[in-house]
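An overview of the molecular structure
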Amino acid sequence: ALGAVPLQMARTQKNKATAHHLGLLKARLAKLRRELINPKGGGGGGPGEGFDVAKTGDARIGFVGFPSVGKSTLLSNLAGVYSEVAAYEFTTLTTVPGVIRYKGAKIQLLDLPGIIEGAKDGKGRGRQVIAVARTCNLILIVLDVLKPLGHKKIIENELEGFGIRLNSKPPNIGFKKKDKGGINLTATCPQSELDTETVKSILAEYKIHNADVTLRSDATADDLIDVVEGNRVYIPCIYVLNKIDQISIEELDIIYKVPHCVPISAHHRWNFDDLLEKIWDYLKLVRIYTKPKGQLPDYTSPVVLPYCKTTVEDFCMKIHKNLIKDFKYALVWGSSVKHNPQKVGKDHTLEDEDVIQIVKK
């Protein structure tokens, strides 16, 4: 069934009249793919062997790339992790986690083997790998600088098909199911693709006949489907162009202008510092130093928080859930406060490299 839908989509002429038919086909495709990712049905052989990697450290980076682009070399040189590297294709079959320490944060590196064409249609070991890929805070797509574009497209399509959206934000669409009242569509700006007809046909495919939909930006059918599916993850991504020892300086200059790209040579360990800097930027981690009463702050091991969870309460929870029970107030030094130290409550938002002292009841 899965093969037939894209075929139908390709045969459909694109114009106003067919827009809602295409919307419908897109929704059908998204539904079929979701059933592949988490299949319905009884029993079966469990979710597959040995692919759940325990989440350790402060952030997790997944490496994706075609066989033989130098992914394993990059991993082992970055982490000093011994990952069995051989010159023939398909050496990596399970994920090899490695951990690097960078700016005080522990970052887990995962090799996500063989997300190759067809993984999203249930081929290969794709499914387990994808489950892990969806939990990453950052994805590095490793490309061979000599044949980057074809590979890039294929990998992006694979990840897209699994509900992973790279370097993008969730669509600005309000969506609320109701018990009655039909489909209620409001748009706060002009729409080039979606009209009531198309929205209705997409929702009908999901057997949704009563809902409020608010379009707050010029949205596409795919955006609406993403919101209805509700299982999309939005992950930043860096394209790592490997083997730059094989190209000219002029070509290198061009690559440097491409957004989200870092050229490296895994083998010669060229430009790793640039790559690490960019990784750090994209992870947006926030380091908080602790200061026990009457002592100097401990600058060696910061508590590292993800940028969306940086309140004093989040900080306490990261250390121990009982800490918040005895919490009276905190003293904070750093860029998040007006004067140093400042007394703050548990809702105060901390910024990178703040120093905190917790005062208990």
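Residues numbered from 1 in each chain as written. Predicted model: local features only at pLDDT ≥ 70, side-chain atom pairs only at ≥ 80, totals over all residues. Heavy atoms only, no water.

Where an unreviewed UniProt entry is consulted, the protein chain appears under the name Developmentally-regulated GTP-binding protein 1, with the organism given as Donacobius atricapilla.

Let's shift gears to the packing of helix α3 (residues 71-79) against helix α9 (residues 272-283). Following both chains from N to C, one finds α3 and α9 inclined at 85°, their axes separated by 12 Å at the closest point. Taken as axis vectors, α3 and α9 run roughly perpendicular relative to one another. Seen from α3, the contacting residues are L74, N77 and L78; seen from α9, they are F272, L275 and L276. For the contact of α3 with α9, a count of residues per class yields five nonpolar, one polar and no charged. (Axes fitted to C-alpha atoms, helices over the stretch in contact; angles between N-to-C directions. Helix = DSSP H or I, 4+ residues; strand = E, 2+ residues; numbered from the N terminus. Parallel < 35°, antiparallel > 145°, perpendicular 65-115°, else oblique. Contact = heavy atoms within 4.5 Å. Nonpolar A, V, L, I, M, F, W, Y, C, P; charged D, E, K, R; others polar.)

With that settled, the discussion passes to the sheet that holds strand β13 (residues 298-306). Taken in spatial order, the five strands line up as β13-β12-β16-β14-β15 in an open sheet, and their pairing is mixed. Only two strands of the sheet have a single partner each, and these edge strands are β13 and β15 (342-344). For this sheet, the mean inter-axis angle between neighbouring strands, taken without regard to orientation, is 40°. Of the strand pairs in this sheet, strand β14 (residues 327-333) and β15 are connected by three bridges, and their pairing is antiparallel. Along β15, the bridge assignment pairs V332 with Q342. Sitting on the sheet, helix α10 (residues 312-319) touches β12 (285-290), β13, β14, β15 and β16 (354-360), and the angle it makes with β13 is about 110°. (Pairing = 2+ DSSP bridges.)

Looking at the largest pocket, its volume works out to about 720 Å³. In this structure, the largest pocket is lined by 24 residues; those nearest its centre are N137, Y234, P236, Y282 and Y307. Broken down by secondary-structure element, the contributors of at least two residues to the lining of the largest pocket are β9 (233-235), α9 and β13. Take the lining of the largest pocket: its biggest share by element is three residues, from β13. Among the residues making up the lining of the largest pocket, the classes are represented as 14 nonpolar, five polar and five charged. Mapping the lining of the largest pocket onto the domain boundaries places at least three of its residues in each of domain 2 (59-167 + 233-282) and domain 3 (286-360). (1 Å grid on protein atoms, 1.4 Å probe; cavity = no way out; pocket = protein on both sides within 12 Å on 5 of 7 lines; lining within 4 Å. Points joined across faces, edges and corners; volume = space filled by probe spheres on them. Domains from an automatic or database assignment.)

So, on to helix α7 (residues 221-229). Those residues of α7 lying buried are A221, L224, I225, D226, V228 and E229. G230 sits one or two residues past α7 and shows a positive phi near 65°. (Buried < 20%, exposed > 50% of the residue type's maximum accessible area, 1.4 Å probe, protein only.)

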